[in-house]
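As a plain string of letters, each chain reads:
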Amino acid sequence: MQFPPTVLPPSPALDAALQHKIDRKTKPVGALGRLEGLALQLGRIQQSLTPRLHAPQVLVFAGDHGIADEGVSAYPQDVTWQMVMNFLAGGAAVNVLARTLGLTVQVVDAGVCHDFGELPGLIDAKVAHGTANSALCPAMSLAQARIAISRGHALALAHAAQGCNVLAFGEMGIANTSAASLLLHKLAGVPLAQAVGRGTGLDDAGLQHKLTVLERAAARTGALDDPLQALCEYGGFEIAMMAGAMLGAAQSRMLLLVDGFIACSAMLVATRMAPAVLDYAVFAHRSAESGHAAMLAALGAEPLLALDLRLGEGTGAVLAWPLVQAAAAFLNDMASFEAAGVAG
């Protein structure tokens, strides 16, 4: 892929026809609220008055973070690889929710500090065994960042070639809320005190320690306008790979179903590289992680749900999937005033 990548916005050529079709359904104009805008977005992305959803896929990107050595998480780093095994066994929340709603889950090893070998359902895209400690030095090299983005980009293209036109993005990585907070701080100028939250459940003392560590990390560099440089200094391999997959999915005219705080940090990076990625994105939910509201504001995004989730894994994206289905269904199947013989 080229750097920076090129993502073209969807053509507005069908917007008027789509809006007319939505308005002539047997309902008052605007009565289906946010679903109407979602239906219009689907039609615009696919350039179709009858958009179809094919082979939706949940991708959970996993990676470890050197800054975990600073004690910024309530859980040890081994939980990352242990949860990957749980995903592969079908026992995690995202697996249960995805099965309930008819979705399949794939796990991507972007940079977990563990050797898995070949396991069914695991995509081996490992860049390295976790990032370096960004409180002390850059998290990754420029070459590593480019590799991670390129592998994510290729993964999205491969799914598109198999007929998938919806990707839901989730993640797993102990200490990745620290990486996301630092990216939000550097790329959007959000104060760290607002960007830093409890992550996996830190108490007050743990939260203060995390903030102190991240302030030290942030002080290593000045303002960072370049998303690739910000990734190198503070990102995670799973965040970089997610960003690359988002870029590839948007280039392939897929719908991007974006989960919580960490997935949105990848979207923040992706949009700084190619702003039109936003046109293909549906933001699933507003999480309980304190920095997520600021992240959504930086992206100009309005999520579909607010359920006080703070789990990650793609759980919020999976829960929003039925709303995407509903938007396509009403656009395609609901009667018009003319067809139903109802006075409009």
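Residues numbered from 1 in each chain as written. Predicted model: local features only at pLDDT ≥ 70, side-chain atom pairs only at ≥ 80, totals over all residues. Heavy atoms only, no water.

Asker: Describe the packing of helix 4 (residues 93–100) against helix 13 (residues 315–333), naming the residues involved and giving the relevant values.
Answerer: Look at helix 4 against helix 13: their axes get within 9 Å of each other, and the N-to-C directions meet at 10°. On the basis of the axis angle, helix 4 is roughly parallel to helix 13. Between helix 4 and helix 13, the residues in contact are A93, V94, L97 and A98 and T315, V318 and L319, respectively. Along the lines of polarity and charge, the residues of the contact of helix 4 with helix 13 split into six nonpolar, one polar and no charged. (Axes fitted to C-alpha atoms, helices over the stretch in contact; angles between N-to-C directions. Helix = DSSP H or I, 4+ residues; strand = E, 2+ residues; numbered from the N terminus. Parallel < 35°, antiparallel > 145°, perpendicular 65-115°, else oblique. Contact = heavy atoms within 4.5 Å. Nonpolar A, V, L, I, M, F, W, Y, C, P; charged D, E, K, R; others polar.)

Asker: How would you sum up the pattern of salt bridges? Please name residues and give values.
Answerer: Inspection of the entire model under this criterion finds eight salt bridges. Across the pair D109 and K126 runs a salt bridge, and its minimum N-O distance is 2.7 Å. Here the residue D109 occupies a position in strand 2 (residues 104–111), and K126 occupies one in the loop between strand 3 (122–124) and helix 5 (142–161), the gap between them amounting to 17 residues. The two residues D109 and K126 agree in class, both being buried. Here R198 and D204 are joined by a salt bridge, their closest N and O atoms 2.7 Å apart. With relative accessibility at 36%, the residue R198 sits in the partly exposed group. (Salt bridge = Lys/Arg side-chain N within 4 Å of Asp/Glu carboxyl O. Buried < 20%, exposed > 50% of the residue type's maximum accessible area, 1.4 Å probe, protein only.)

Asker: Requested: an account of helix 3 (residues 78–89), with residues and values cited.
Answerer: Every α-helical turn comprises 3.6 residues, leaving residues that sit three or four positions apart pointing alike. Between its terminal C-alpha atoms helix 3 stretches 17 Å, which fits the 16 Å expected from twelve residues at 1.5 Å a residue. For helix 3, the set of buried residues is V79, T80, M83, V84 and F87. Each buried residue of helix 3 sits inside an arc of 145° when the element is viewed along its axis, so together they form one side. Once helix 3 finishes, G90 follows within two positions and takes phi at roughly 80°, a positive value. (Expected span 1.5 Å × (residues − 1). Arc of directions from axis to C-beta.)

Asker: Let's hear about the environment of T26: which residues, and what values?
Answerer: Looking at the element boundaries, T26 is found in the loop between helix 1 (15–23) and helix 2 (34–46). Sequence-wise, T26 and G197 are 171 residues apart; in three dimensions their C-alpha atoms are separated by 45 Å. Ignoring sequence-local partners within four residues, the contact set of T26 consists of M334, A335, S336, F337, A340 and V342.

Asker: Lay out the side chain of S287 with the relevant residues and their values.
Answerer: Residue placement: S287 occurs in the loop between strand 6 (281–283) and helix 12 (292–299). Within polar-contact distance, the side chain of S287 engages the backbone nitrogen of E289 at 3.2 Å. When near neighbours in sequence (up to four residues on either side) are disregarded, S287 contacts F261, H292 and L309. (Polar contact = N/O pair within 3.5 Å; in protein donor to acceptor, adjacent residues only side chain to side chain.)

Scope: geometric values only; no functional claims are made or implied.
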